Amino acid sequence: MSHYAIKTDRLTKRFKDVVAVDGVSFAVEPGRIVGLLGGNGAGKTTTISMLLGLLLPTEGSVEVLGADMARHRHRVLDRMNFSSPYVDLPHRLTVAENLVVYGHLYGLRHVKRRIADLADQLDIARFLDRPAGKLSAGQKTRVALAKALLNEPAVLLLDEPTASLDPDTADWIRTYLENYRRESGATILLASHNMAEVERLCDDVLMMREGRIVDRGSPDSLLAKYGRDTMEDVFLDIARDRRAGVAHAAD
Amino acid sequence: MPRIDAVLASHAPAFAVRRVGAMVLRYWYLLRGSWPRMAELAYWPTMQMLMWGFLSQFMATTSSWVAQGGAVLVAGVLLWDTLFRGQLGVSISFLEELWSRNLGHLFVSPLRPVEWVAALFVMSLIRTLIGVVPAALLAIFIFDYSVFDLGLPLLAFFANLMIMGWWLALAITSLILLNGLGAEGLAWAVVFLLAPVSAVYYPVAVLPGWLQWLSWALPSAHVFEGMRAVLFQGAFSWGHFAAAAGLNLFYMVCAGGIFLWAFHVARERGALIQTGE
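Visitor: Which parts of the structure should I look at to understand helix H8 (residues 152-179) of chain B?
Guide: An α-helical segment advances 3.6 residues per turn. Residues three or four places apart therefore align on the same side. Residues and elements named next belong to chain B. A rise of 1.5 Å per residue sets the reference length of H8, with its 28 residues, at 40 Å; its end C-alpha atoms lie 41 Å apart and thus fit the reference within 8%. With 20 of 28 residues buried, H8 lies mostly within the body of the structure. Two residues or fewer after H8 comes glycine 180, characterised by a positive phi angle close to 85°.

In structure tokens form, the structure reads like this:
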């Protein structure tokens with residue numbers, strides 16, 4: 001039996017002639033924060049969608065908390081959650097109504113109490129009665145995070161959690177995620193384009209390009225391997241297909 | 001962090017009433033938050049009933065067929081609207097999820113497709129009652145005709161037409177899942193394709209022979225023939241009732257299978273996260 005929180009084996013997704021994800025294998029130990037990095041079209045969102053079971057793989061397998069997502073997805077869905085700026089909550093429902101609906105979907109026993117706790121922690125109490133479609137980008141992100149944390153997930157998948165946020169709000173979200181991981185022991189997989197965020201939050205990084213994992217390791221080990229000072233430079237080396245060890249020479 | 005062996009040993013219920021309730025609550029919040037939406041539900045059935053009611057009053061003086069059957073046209077329009085509203089009630093709630101790009105959130109939650117469909121059916125029933133009951137009550141005051149006088153057969157007609165609306169809606173939502181929002185016009189159009197052969201306002205015998213076969217293949221034709229049997233002969237036709245119920249069962253099984261297949265294809269194509277405005 002797998003002891004990993006997330007495990008993929010030769011995960012592949014083809015859309016007709018396009019190979020979006022090509023034989024991706026990785027494993028995430030419980031309690032780790034892992035970054036999934038890559039340029040636009042590298043396959044990050046497709047990979048996350050397959051981990052969630054929203055998208056069926058063409059080949060390969062996904063296990064979350066030991067459950068095969070192809071066969072036993074419903075054993076683990078109440079223990080995982082996700083947030084993405086590209087998937088909205090219904091605009092015409094108020095924030096509170098949205099959270100109540102999802103609270104019941106996740107089978108919470110004390111929905112109102114949990115919403116009150118999250119409203120306090122995420123500072124969203126002021127706009128609980130406002131329609132979700134009338135929130136600013138920062139407020140939407142906090143609400144999306146509240147929805148993602150309703151069921152206190154053991155596995156949290158985040159697609160660009162701080163996209164389009166001002167630095168202050170983004171920093172606040174990162175601090176919150178650090179605290180949540182420390183207190184709950186949750187496993188977090190996040191796709192991001194923000195390298196500062198990755199350096200700060202992630203224990204490990206999976207670098208993707210053209211649907212494949214082309215490198216992996218801790219931020220420190222990748223910085224050392226590529227001889228760079230920032231993850232931004234490592235990202236550019238990988239995105240532009242400069243191999244570790246020859247990056248400086250290429251410059 | 002839960003123990004992984006505990007997760008593997010856990011058993012997720014295949015159907016949870018609580019999750020169905022959560023989805024009904026979601027659609028109810030949407031409906032109650034907009035009085036124009038609520039008013040629109042009753043507006044069209046009422047307008048239809050008024051128009052056909054006055055036409056019926058006029059024709060009762062010139063047509064012995066209409067005069068014999070009391071308000072056969074008013075009963076027809078109210079029951080036809082039950083079918084239309086039943087289908088639209090499912091389709092609109094389904095489209096709401098696509099318009100709000102909410103499918104991605106819904107289907108990473110423990111919600112199962114069957115539970116979602118059950119919630120769509122419940123909401124369709126609520127929307128239909130909100131739409132049709134005020135029109136039926138108004139007909140009592142304006143035309144001195146109560147569709148409720150049909151008695152228990154009314155329940156049989158209503159149930160059969162609701163179920164027909166549901167399987168029709170499942171077939172339509174399957175097409176939208178497969179083809180995206182470009183196919184959303186089907187939600188309003190398809191039911192009218194069936195109107196001429198449903199024999200709402202005239203007997204099936206009026207249709208050409210080759211079209212009668214198609215007509216008898218629809219539960220709605222049996223319901224409206226049954227309705228006329230009650231109004232003209234005062235007798236409930238068990239034959240038409242059994243035919244309507246049997247056909248509904250057959251089509252519901254087919255439409256349910258098609259919906260689950262379309263949902264599977266949508267997961268293969270990534271449509272659950274990409275479909276939206």
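Don't stop here, the text continues.
Visitor: Where do I start with the nonpolar core in this structure?
Guide: In globular proteins that are soluble, nonpolar side chains generally tend to be buried together. In terms of nonpolar packing, the biggest core is built from 156 residues, with A:Val64, A:Val155, A:Leu157, B:Val74 and B:Leu78 touching the most fellow members. The element that contributes the greatest number of residues to this core is H8(B), accounting for 16 residues. Excluding anything up to four places from it in sequence, B:Val74 contacts B:Met49, B:Trp52, B:Gly53, B:Ser56, B:Ala139, B:Phe143 and B:Tyr145.

Visitor: Help me understand the packing of helix H3 (residues 95-105) of chain A against helix H4 (residues 111-122) of chain A, please; the structure alone is not making it clear to me.
Guide: Between two packed helices, the angle of one axis relative to the other and the distance separating the axes together describe the packing. Residue and element names in this part refer to chain A. Packing of H3 against H4 leaves a shortest axis separation of 10 Å and a crossing angle of 125°. In terms of their interaxial angle, H3 and H4 are classed as oblique. Crossing angle aside, the handedness with which H3 passes H4 is right-handed. Here Ala96, Leu99, Val100, Gly103 and His104 of H3 lie close against H4, whose contacting residues are Val111, Arg114 and Ile115. When its residues are assigned to classes, the contact of H3 with H4 shows five nonpolar, two polar and one charged.

Visitor: Teacher, can you tell me more about unusual backbone geometry here?
Guide: Peptide bonds are, in most cases, trans, and in most cases residues other than glycine have a negative phi. All names here are of chain A. Positive phi outside glycine occurs at leucine 65, with the angle close to 50°. Among the structural elements, leucine 65 can be located in the loop between strand E4 (59-64) and strand E5 (67-68). Leucine 65 gets classed as buried once you count the C-beta atoms within 10 Å, which come to 28. Within the chain, glutamate 210 stands out as a residue other than glycine whose phi angle is a positive 50°. On the secondary structure map, glutamate 210 appears in the loop between strand E9 (204-209) and strand E10 (212-217). Judged by the 15 C-beta atoms lying within 10 Å of it, glutamate 210 is partly exposed.

Visitor: Help me understand the sheet that holds strand E1 (residues 6-15) of chain A in this model?
Guide: Consider a sheet: its strands pair through backbone hydrogen bonds, and that pairing is either parallel or antiparallel. All names here are of chain A. Strand order in the open sheet made by the four strands is E2-E1-E4-E5, with antiparallel pairing throughout. The open sheet has two free edges, formed respectively by strand E2 (18-28) and E5, since each of these has just one partner strand. Bridge count between E1 and E4: five bridges; the pairing is antiparallel. Paired with aspartate 9 across the two strands is serine 61, which belongs to E4. Packed onto the sheet, helix H1 (residues 44-52) meets E1, E2 and E4 and runs at close to 120° relative to E1.

Calculation notes
Residues numbered from 1 in each chain as written. Chains lettered and ligands numbered in written order. Predicted model: local features only at pLDDT ≥ 70, side-chain atom pairs only at ≥ 80, totals over all residues. Helix = DSSP H or I, 4+ residues; strand = E, 2+ residues; numbered from the N terminus. Expected span 1.5 Å × (residues − 1). Buried ≥ 20, exposed ≤ 12 C-beta atoms within 10 Å, placed from the backbone. Core = buried A, V, L, I, M, F, W, Y, C linked by C-beta atoms within 7 Å. Contact = placed C-beta atoms within 7 Å. Axes fitted to C-alpha atoms, helices over the stretch in contact; angles between N-to-C directions. Parallel < 35°, antiparallel > 145°, perpendicular 65-115°, else oblique. Left-handed = near helix turned anticlockwise from the far one by under 90°. Nonpolar A, V, L, I, M, F, W, Y, C, P; charged D, E, K, R; others polar. Pairing = 2+ DSSP bridges.

It is worth stressing that arrangement in space is one thing and function is another; only the former is reported here.
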